[in-house]
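Survey of secondary and tertiary structure
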Amino acid sequence: MGKAICCLLLIAMVFRSHAVVVDIKARGAKGDGKTDDGPVIEKAWKEACAGGPSPSSVLIPPGTYMAYPPILFSGPCKGPVEIKANGATIKAPPELARLKSDSWIAFQYIDRLSVIGGTFDGQGHEAWKNQKCADTAFSCQMPVNLRFSFVKNSLLKGITSVNSKYFHMVIFACDNINIEHATIDTPGNSLNTDGIHIGHTNGFNITNSNIKSGDDCISIGDGSKNVHIEKLTCGPGHGISIGSLGKYANEQPVQGIWIKNCTITGTIISGVRRIKSWPGPTSTPGTTTDIHFEDIIMNNVENPILIDQQYCPSNRCNKASPSKVKISNVCFKKIRGGGAGAISECSYVKPKVMAKNIPPACPGYS
């Protein structure tokens, strides 16, 4: 009898250690493009998250799924969880009033998350026309398509984000986030549709991806460290930016940024880099250091390289006082391309210019 009980307990333990696979169609999702499948998707996540130490999965089969309320994928989970959405399209409601939150889909407090495939359609066309969102005070609340907070050791592969009402992705307070073969797509005239914004994150890698946006393709905020951007195509949009910095108190350093083998096409304001910090009394001390740009192709870019320490949109600052953000050890190597004639202007900088540059970099310095 005692041996039988032990055997049963062993079988139960082995069973609980097996991966949990949750197919949302089997849980009642319609995938007909009309029914609100958001609650089913969120419930499937909770089941997989609680599954056990072995990797678990949420399967979103091919189809079109509506998700009206914001969806929250929250941890911590008992083991790694993968969301497989190849061939699936998930759509937000087009009406801004239906999404009374700063995010449409949010992931938080998760270790070892994988999101494989899937198109996330924010249906932002109507929201971009909202007059409150177009004013200088930006007095409306717009939801981010995909928000990742306190997520670590995770992979996003082959995902697509289109027509976000606001930023496509926000990566905040995360560690070791990897993005491969991502597609982000909004028209160049869409409002504040940054591709990816990163902040307070240590370890971010994106490769072999394509971003078209109405604002920065990638913006890097304070507290960002060890960021690697490689084989990215960017445009339309505003290029790749660090900042803005220096506007708020107690901002964290930006350190260790590498951008390599990227192509920037048809961007306004800046191309490879706009490092921007606020002047005036609002500016707080901060540092931006160890920034590297290499093998970047520019095609018809308004300002291929721009470092601006008097960033002052809508003139809402005091330009009489300098920025307190210290920028150092910034390297540009093999930046090339074509378009209109180019000039170079430098002020309050001590560069080290090497090799031949066309046009001459920072005339008067060597």
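Looking at an unreviewed UniProt entry, the protein chain carries the name Polygalacturonase, with the source organism given as Centaurea solstitialis. Its UniProt record gives the protein chain the following Sequence similarities (unreviewed entry) comment, quoted word for word: "Belongs to the glycosyl hydrolase 28 family." Listed under Subcellular location (unreviewed entry) in UniProt, the entry text for the protein chain is "Secreted, Cell wall".

The secondary structure content of the protein chain amounts to four helices and 25 strands. Counting only residues that meet the buried cut, the protein chain has 45% of its 366 residues in that class. Put simply, 75% of the contacts in the protein chain that link residues at least 6 apart link residues at least 24 apart. Carbon and sulfur atoms form 54% of the exposed surface of the protein chain, whose accessible area is close to 17700 Å².

Now for the environment of Gly-28. As for its position among the elements, Gly-28 is in the loop between strand S1 (21–23) and strand S2 (32–36). Each C-alpha atom, one on Gly-28 and one on Ile-41, is 9.4 Å from the other, the two residues being 13 residues apart in sequence.

Next up on the list: the UniProt feature "active site" (unreviewed entry) in the protein chain. UniProt tags His-238 as "active site" (unreviewed entry). You can see His-238 is positioned in the loop between strand S19 (225–234) and strand S20 (240–245). You can call His-238 buried: its relative accessible area is 12%.

Applying the stated criterion across every chain yields a total of seven salt bridges. In this structure, Asp-111 and Arg-112 form a salt bridge, with 3.9 Å as the shortest nitrogen-oxygen distance.

Look at the link from Gly-75 to Pro-76: it is a cis peptide, with omega at 5°. Considering the arrangement of structural elements, one finds Pro-76 in the loop between strand S5 (71–74) and strand S6 (81–84). Note the cis peptide between Gly-235 and Pro-236, where omega equals 5°. Mapped onto the secondary structure, Pro-236 falls in the loop between S19 and S20. Of note, Asn-226 is a non-glycine position whose phi angle comes to about 55°, a positive value. Note that Asn-226 resides in strand S19. Backbone geometry at Lys-231 places phi at a positive 55°, although glycine is not the residue there.

Aromatic ring pairs are described here by two measures, namely the spacing of the ring centres and the angle between the planes. On inspection of all chains with the given rule, the structure shows seven aromatic pairs. Where Tyr-109 meets Phe-150, the ring centres are 4.9 Å apart and the plane angle is 5°; that geometry is what we call stacked. Residue Tyr-109 is found in strand S8 (residues 103–111), and its partner Phe-150 is found in strand S11 (residues 144–157); the two are separated by 41 residues along the sequence. By relative accessible area, which is 38% here, Phe-150 ends up partly exposed. Ring centres 4.9 Å apart and planes at 10° place the aromatic pair Phe-293 and Phe-332 in the stacked group. With Phe-293 in strand S23 (residues 286–299) and Phe-332 in strand S25 (residues 325–338), this residue pair connects regions lying 39 residues apart in the sequence. Take Phe-332: its relative accessible area is 28%, and that puts it in the partly exposed class. An aromatic cluster of at least three residues, connected via ring pairs, comprises Trp-45, Phe-73, Phe-107 and Phe-148. The positively charged end of Arg-98 is found above the aromatic ring belonging to Tyr-68, 4.5 Å away from the centroid.

For the rest of this paragraph, the subject is the confidence of the model for the protein chain. Taken as a whole, the protein chain shows an average pLDDT of 87; of its residues, 88% reach a score of 70 or greater. Segment residues 4–16: pLDDT under 50, and two contacts once partners within four positions in sequence are set aside and those in other chains are kept.

Turning to the environment of Ala-361, a few remarks are in order. For Ala-361, the position within the fold is in the segment after S25. For Ala-361, a relative accessible area of 27% corresponds to the partly exposed category. Sequence separation between Ala-361 and Cys-346 is 15 residues; the distance between their C-alpha atoms is 8.4 Å. With residues near it in sequence (within four places) discarded, Ala-361 still touches Ser-344 and Val-353.

Attention now goes to the side chain of Thr-160. One can find Thr-160 in strand S12 (residues 160–162). Residues within four places of Thr-160 in sequence aside, it is in contact with Gly-118, Thr-119, Phe-120 and Thr-183.

Moving on, we get to the nonpolar core. Formed by 69 residues in total, the largest nonpolar core has its most connected members in Trp-45, Phe-107, Ile-196, Ile-218 and Ile-229. Here the element with the most residues in this core is helix H2 (residues 38–49); it accounts for six residues. Residues contacting Phe-107, with those up to four places away along its chain left out, are Phe-73, Ile-83, Leu-113, Val-115, Leu-146, Arg-147, Phe-148, Ser-149 and Val-151. Grouped together as the second largest cluster of nonpolar side chains are seven residues, Met-142, Val-144, Tyr-166 and Phe-167 included.

Here the focus is the pairing of strand S16 (residues 196–199). Across four bridges, strand S13 (residues 169–172) lies against S16 in parallel orientation. Of the residues in S16, the one forming a bridge with Phe-172 is Gly-199. One ladder, built from three bridges, connects S16 with strand S18 (residues 218–220); its direction is parallel. Counterpart to Ile-198 in the pairing with S18 is Ile-220.

Procedures and definitions
- Within any chain, residue numbers begin from 1 and follow the written order of that chain's sequence.
- Residues qualify for local features only when their pLDDT is at least 70, as the model is predicted, and side-chain atom pairs are given and counted only at 80 or more; totals for whole chains, interfaces and linings, by contrast, use all residues.
- The side-chain quantities take in all heavy atoms of the structure and omit both hydrogens and water.
- UniProt positions are given in the numbering used here, feature names are shortened, and annotations may be inferred rather than shown by experiment.
- In DSSP terms, a helix is any run of H or I states spanning at least four residues, a strand is any run of E spanning at least two, and both are numbered starting from the N terminus.
- Type-normalised accessible area, obtained with a 1.4 Å probe on protein chains alone, sets the label of each residue: buried when under 20%, exposed when over 50%, and partly exposed for intermediate values.
- Any two residues whose heavy atoms approach within 4.5 Å are treated as being in contact.
- Shrake-Rupley sampling with a 1.4 Å probe provides the accessible areas, and residues are treated as covered by the protein chains on show and by no other component.
- By convention in these notes, a salt bridge is any Lys or Arg side-chain nitrogen within 4 Å of a carboxyl oxygen on Asp or Glu.
- Stacked, tilted and edge-to-face are the three classes applied to pairs of Phe, Tyr and Trp rings, where Trp contributes its six-membered ring and a pair requires centres within 6.5 Å; stacked means planes under 30 degrees apart, edge-to-face means over 60, and tilted covers the rest.
- In this analysis the charged atom, NZ for Lys or CZ for Arg, is taken to sit over a ring once it is within 6 Å of the ring centre and within 35 degrees of the ring normal.
- The pLDDT value tells you how sure the predictor is about a given residue, anywhere from 0 up to 100.
- Put simply, a nonpolar core is a bunch of buried Ala, Val, Leu, Ile, Met, Phe, Trp, Tyr and Cys residues held in one set by side-chain atoms that sit within 4.5 Å of each other.
- At least two DSSP bridges between two strands are needed for those strands to be called paired.

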